[in-house]
Amino acid sequence: AAAGLWLLGVTECYFSPVPVGSGVVKVAHGVLPVPAPATAEILVDVPIRESMDTGELTTPTGAAIVKELAAGFGTLPSMTVKAVGSGAGSREGKNIANVLRVFLGERSTDRTPRNVTVIETAIDDMTGQALSYAQDALFAAGALDVYMTPIIMKKGRPAHLVTILADEPRAQA
């Protein structure tokens, strides 16, 4: 793992919470609960998660690699993906494939949180062509997304709820 990361020039690693499995595992010392004691000890201060499959899903070696390399845990960070690698183990899971997937990418440089404004209006008595034109004009004005939901207004009139998502500075446009 270390040689591969070095050869790829990886400087940070992020992991999802570690799936440890459940149930018991038979080892030379007898039957042990999952995660095995060594794995559990290594994973102190590391987020773990349940799995739909029983058995050992994380070994002490895997736990040590994750704990040593992790710059953080959680959902996939914002990045430009350069490559994806997958590796399958020989153990067959009943519910989840025994596959490890790795994303290699460059982290997004802009980590500034941004505020998004939601603008909504109900429009009735407008043709589909005019709604489509309005949607194109909203995108041209800088909308992040525009979507239209069919609704029924007072007196049973059919209409569309137009929802616009825009960065705060572009909301007025």
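Scroll up to find the structure.
Note that the structure is a prediction, hence the values are computed from the model and not measured. Chains are numbered independently. Their residues run from 1 in the order of the written sequence. A pLDDT threshold of at least 70 governs which residues receive local features in this predicted model, and a stricter bar of 80 or more applies before side-chain atom pairs are shown or counted, although totals over entire chains, interfaces and linings include all residues. With hydrogens and water excluded, all non-hydrogen atoms of the structure serve as input to the side-chain values.

> What exactly am I supposed to notice about the overall build of the protein here?
A run of DSSP states H or I qualifies as a helix once it reaches four residues; a run of E qualifies as a strand once it reaches two. Both are numbered from the N-terminal end. Scanning the protein for helices and strands turns up four helices and 13 strands. In this description the radius of gyration comes from C-alpha coordinates, and the expected globular size is given by 2.2 Å times residues to the power 0.38. Its C-alpha atoms give the protein a radius of gyration of 25 Å, more than 25% over the compact-globule value 16 Å for 173 residues. Seen along its three principal axes, the alpha-carbon backbone of the protein occupies a region of about 75 × 40 × 30 Å. Summary of the burial criterion: residues with accessible area below 20% of their type's maximum are buried, those above 50% are exposed, and those between are partly exposed, where the area comes from a 1.4 Å probe applied to protein chains only. Split into buried and exposed, the 173 residues of the protein put 14% on the buried side. In what follows, residue pairs with any heavy atoms lying within 4.5 Å of each other are defined as contacts. In the protein, 58% of the contacts between residues at least 6 apart in sequence involve partners at least 24 apart. Throughout, the Shrake-Rupley method with a 1.4 Å probe supplies accessible areas, and for residues the shown protein chains are the sole cover considered. Surface summary for the protein: the accessible area is close to 12,300 Å², and the carbon and sulfur share equals 56%.

> Explain unusual backbone geometry to me, please; I cannot follow it from the model alone.
Apart from glycine, the bulk of residues carry a negative phi angle, and the bulk of peptide bonds sit in the trans form. With omega at 0°, the peptide bond leading from Val 34 into Pro 35 counts as cis. One can find Pro 35 in the loop between strand S5 (30-33) and helix H2 (37-42). A positive phi angle is found at Asp 45, which is not glycine, with a value near 70°. Inspection of the secondary structure assignment puts Asp 45 in the loop between H2 and strand S6 (48-49). Although it is not a glycine, Lys 155 adopts a positive phi angle of roughly 60°. Looking at where Lys 155 falls in the secondary structure, it is placed in the loop between strand S12 (145-152) and strand S13 (158-167). Since its relative accessible area comes to 78%, Lys 155 is described here as exposed.

> Can you help me understand the packing of aromatic side chains in this one?
Geometrically, a pair of aromatic rings is defined through the distance of the ring centres and the angle of the planes. Working definition: rings of Phe, Tyr and Trp (its six-membered ring) pair if their centres are within 6.5 Å, and the pair is stacked with planes under 30 degrees apart, edge-to-face with planes over 60 apart, and tilted otherwise. Applying the stated rule across the entire model yields one aromatic pair. On the numbers, 6.2 Å between centres and 35° between planes, the contact of Phe 15 with Phe 73 is tilted. You can see Phe 15 sitting in strand S1 (residues 13-15) and its partner Phe 73 sitting in strand S8 (residues 70-73), a full 58 residues away along the chain. With a relative accessible area of 31%, Phe 73 lands in the partly exposed category. Should the NZ of a Lys or the CZ of an Arg lie within 6 Å of a ring centre and within 35 degrees of the ring normal, that charge is described as sitting over the ring. Lying over the aromatic face of Tyr 14, Arg 107 brings its terminal NZ or CZ to 4.8 Å of the ring centre.

> Please clarify how the pattern of salt bridges should be interpreted in this entry.
When charged atoms on two side chains of opposite charge get close, those side chains can pair. The salt bridge definition used is simple: a Lys or Arg side-chain nitrogen within 4 Å of an Asp or Glu carboxyl oxygen. Inspection of every chain in the model, using the stated rule, returns one salt bridge. Taking the shortest distance from any N to any O, the salt bridge between Asp 124 and Arg 157 comes out at 2.8 Å. Here Asp 124, found in strand S11 (residues 116-124), pairs with Arg 157, found in the loop between S12 and S13; they are 33 residues apart in sequence, far enough to count as distant. We classify Asp 124 as partly exposed; its relative accessible area is 28%.

> What should I look at first to understand the nonpolar core in this one?
Most often, soluble globular proteins keep nonpolar side chains buried together rather than apart. Each nonpolar core is a collection of buried residues, namely Ala, Val, Leu, Ile, Met, Phe, Trp, Tyr and Cys, held together in the definition by side-chain atoms within 4.5 Å. Val 18, Val 20, Leu 43, Val 46, Ala 63 and Val 66 form the largest nonpolar core, which has six residues in total. In this structure Val 20 touches Val 34, Pro 35, Leu 43, Ile 48, Arg 49, Gly 55, Glu 56, Leu 57 and Thr 58, once residues within four positions along its chain are discounted. Counting residues in each nonpolar core, the second largest holds five residues, with Leu 131, Val 146, Val 162 and Ile 164 among its members.

> Got a minute to help me understand the side chain of Thr 39 in this structure?
Along the chain, the position of Thr 39 falls in helix H2. Beyond its immediate sequence surroundings of up to four residues, Thr 39 is in contact with Glu 56, Thr 58, Thr 59, Pro 60 and Ala 63.

> Just to check I follow, could you spell out the environment of Ala 64 for this structure?
For Ala 64, the position within the fold is in helix H3 (residues 60-69). By relative accessible area, which is 35% here, Ala 64 ends up partly exposed. For Ala 64 and Glu 41, which are 23 residues apart along the polypeptide, the C-alpha to C-alpha distance reads 9.9 Å.

Everything listed is a geometric property; what it means functionally is a separate question.
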